[in-house]
Amino acid sequence: MSSDITPVHLDALLDVVEELFGADYESHRLGIPGRWGGSDLQRLGVDGPVERPDFENLFTFHDPRGRIPTPEGWMDDNPVVAQRLTFDAKPEITTLWALGNLRQRQEIASSHVNAVQQTMSTIHSLALLESESSHPVLGRGCLFARFTEGAAEDFTPRLRTSVLICQQYRLPDGQAVRFPLELAPGTARTLFERWEWRRLSDSIGVLGMTPGTRVPDDVFKPMTDTDRTWLRTVPEADRRLSSSEILGRWRAQASQAGFGPVEVQNVFDSAHRLGRSLRAQSRVLTSDTFGALWDAMTRTGAREHHRDRHGPEHGPAR
């Protein structure tokens, strides 16, 4: 489930860097390189994968080249340098992502990332509307870095994107930008769940509404102490599992729980058919509604035209 805003102080930034740029993030947690987002990408020139030096510079109030330290407003010795939002895909979506074929996994991951992007765009717009900043509203920039992973620390599937919003940063011309964000509790989670539903409905289909589109719970088991001991004693593994080994482990567990490749494919097929049916019904309803409105408007217009030419249909009461 998506969390609310969590402040990241300067003294915790090193732990965040190690979490997101360490070897375990890419291997054991199936993380992919971070991507920059926000309205100031062009002015900062950092569009593309998130590199560690750029991340460290911008989140310590420097410009992308590491120049010009603290902007105005550093009020204490341990300031908030970032605000963190965490967006977790629903468990059934994560399960299908973990067990689907390559194309299906790519579709789900793409829908998830698009939902995060749409949520952040909406949050930025809300922040501008609620802004009391002395800067012009259209000039108030925003910068964030998003990191998507597929596995939790216990080696169970967890499709999650962590977004770190830069609290203050410097533009190359030396201008300081501040973007402190305030949201009511649950706002980010609600926005994300709406976009997640919409994106997945468009690409995959509708899950959970019929027996054929439901995904079972508790398919996966955390790695045991025995597994961890095996990892530490197998030299070929280099103390790390490959992504194919992790995915294979998940598929074996799911098959043992009675949710093998056939059942997984059936869920995808049923969800797609249901989504296609609902979209068709929605189009018919929209068309019928528009037709009824158009009919009412044209009939009203015909009556008005008749009245204009021939006067009222009924004369005044005598």
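Residues numbered from 1 in each chain as written. Predicted model: local features only at pLDDT ≥ 70, side-chain atom pairs only at ≥ 80, totals over all residues. Heavy atoms only, no water.

J.: Can you help me understand the overall build of the protein in this one?
T.: Scanning the protein from terminus to terminus reveals ten helices and seven strands. Out of the 318 residues in the protein, the part that is buried amounts to 41%. For the protein, long-range pairs separated by at least 24 residues make up 74% of all intrachain contacts whose partners lie at least 6 apart in sequence. By element, 53% of the accessible surface of the protein is carried by carbon and sulfur atoms, the whole surface being about 17,900 Å². (Helix = DSSP H or I, 4+ residues; strand = E, 2+ residues; numbered from the N terminus. Buried < 20%, exposed > 50% of the residue type's maximum accessible area, 1.4 Å probe, protein only. Contact = heavy atoms within 4.5 Å. Areas by Shrake-Rupley, 256 points an atom, 1.4 Å probe, with all protein chains shown as cover.)

J.: It is not clear to me how helix α1 (residues 13-21) should be interpreted in this structure. Could you clarify?
T.: Residues spaced three or four apart along an α-helix face the same direction, because each turn holds 3.6 residues. Of all the residues in α1, the buried ones are L13, V16, V17 and L20. Looking straight down α1, one finds that the buried residues subtend no more than 100° of arc, so they occupy a single side. Those residues of α1 that are exposed and angled more than 90 degrees off the buried face are L14 and D15. (Arc of directions from axis to C-beta.)

J.: Before we go on, may I ask you to explain the nonpolar core in this structure?
T.: Note on soluble globular proteins: their nonpolar side chains tend to be buried together. Residues L96, W97, L99, I108, W250 and F259 are the most contacted members of the largest nonpolar core, which totals 28 residues. Among the elements of the structure, α5 (91-99), α9 (243-256) and α10 (261-310) are those that each provide at least two residues to this core. With residues near it in sequence (within four places) discarded, W97 still touches L30, R105, I108, A109, G150, L159 and W250. The next biggest cluster of nonpolar side chains, apart from the first, holds 25 residues, and it includes Y25, L41, L58 and F61. (Core = buried A, V, L, I, M, F, W, Y, C linked by side-chain atoms within 4.5 Å.)

J.: Could you clarify how one ought to interpret the packing of α5 against α9 in this entry?
T.: Axes are the key here: two packed helices are described by the angle between their axes and the distance separating the axes. Closest axis-to-axis distance for the α5/α9 pair is 9 Å, and the angle between their directions is 115°. The pairing of α5 with α9 is recorded here as roughly perpendicular in orientation. Here W97, A98 and L99 of α5 come into contact with α9, specifically with L247, W250, R251 and A254. Residue composition of the contact of α5 with α9, by class: six nonpolar, no polar and one charged. (Axes fitted to C-alpha atoms, helices over the stretch in contact; angles between N-to-C directions. Parallel < 35°, antiparallel > 145°, perpendicular 65-115°, else oblique. Nonpolar A, V, L, I, M, F, W, Y, C, P; charged D, E, K, R; others polar.)

J.: What is the right way to read the pattern of salt bridges from this model?
T.: Close approach of charged atoms allows side chains of opposite charge to pair. On inspection of all chains with the given rule, the structure shows eleven salt bridges. The residue E153 makes a salt bridge to R158 at a minimum N-O spacing of 3.5 Å. Measuring nitrogen to oxygen at the nearest pair gives 3.9 Å for the salt bridge that ties D202 to R199. Of this pair, D202 and R199 both sit in helix α7 (residues 187-203), three residues apart, which is roughly one turn of the helix. With relative accessibility at 47%, the residue D202 sits in the partly exposed group. (Salt bridge = Lys/Arg side-chain N within 4 Å of Asp/Glu carboxyl O.)

J.: Any chance you could explain the pairing of strand β5 (residues 157-166) here in plain terms?
T.: Each regular strand shows side chains that alternate between the opposite faces of the sheet. Here β5 lies mainly inside the structure; nine of its ten residues are buried. Two elements, strand β4 (residues 144-151) and β5, share seven bridges in a ladder whose sense is antiparallel. When the sheet's bridge partners are listed, F147 is paired in β5 with S162. (Pairing = 2+ DSSP bridges.)

J.: Which parts of the structure should I look at to understand α7?
T.: An ideal rise of 1.5 Å per residue puts 24 Å on 17 residues; α7 measures up with 25 Å between its terminal C-alpha atoms. Taken as a whole, α7 has its buried residues at A188, L191, F192, W195, E196, L200 and S201. One or two positions beyond α7, positive phi appears at G205, with a value near 135°. (Expected span 1.5 Å × (residues − 1).)

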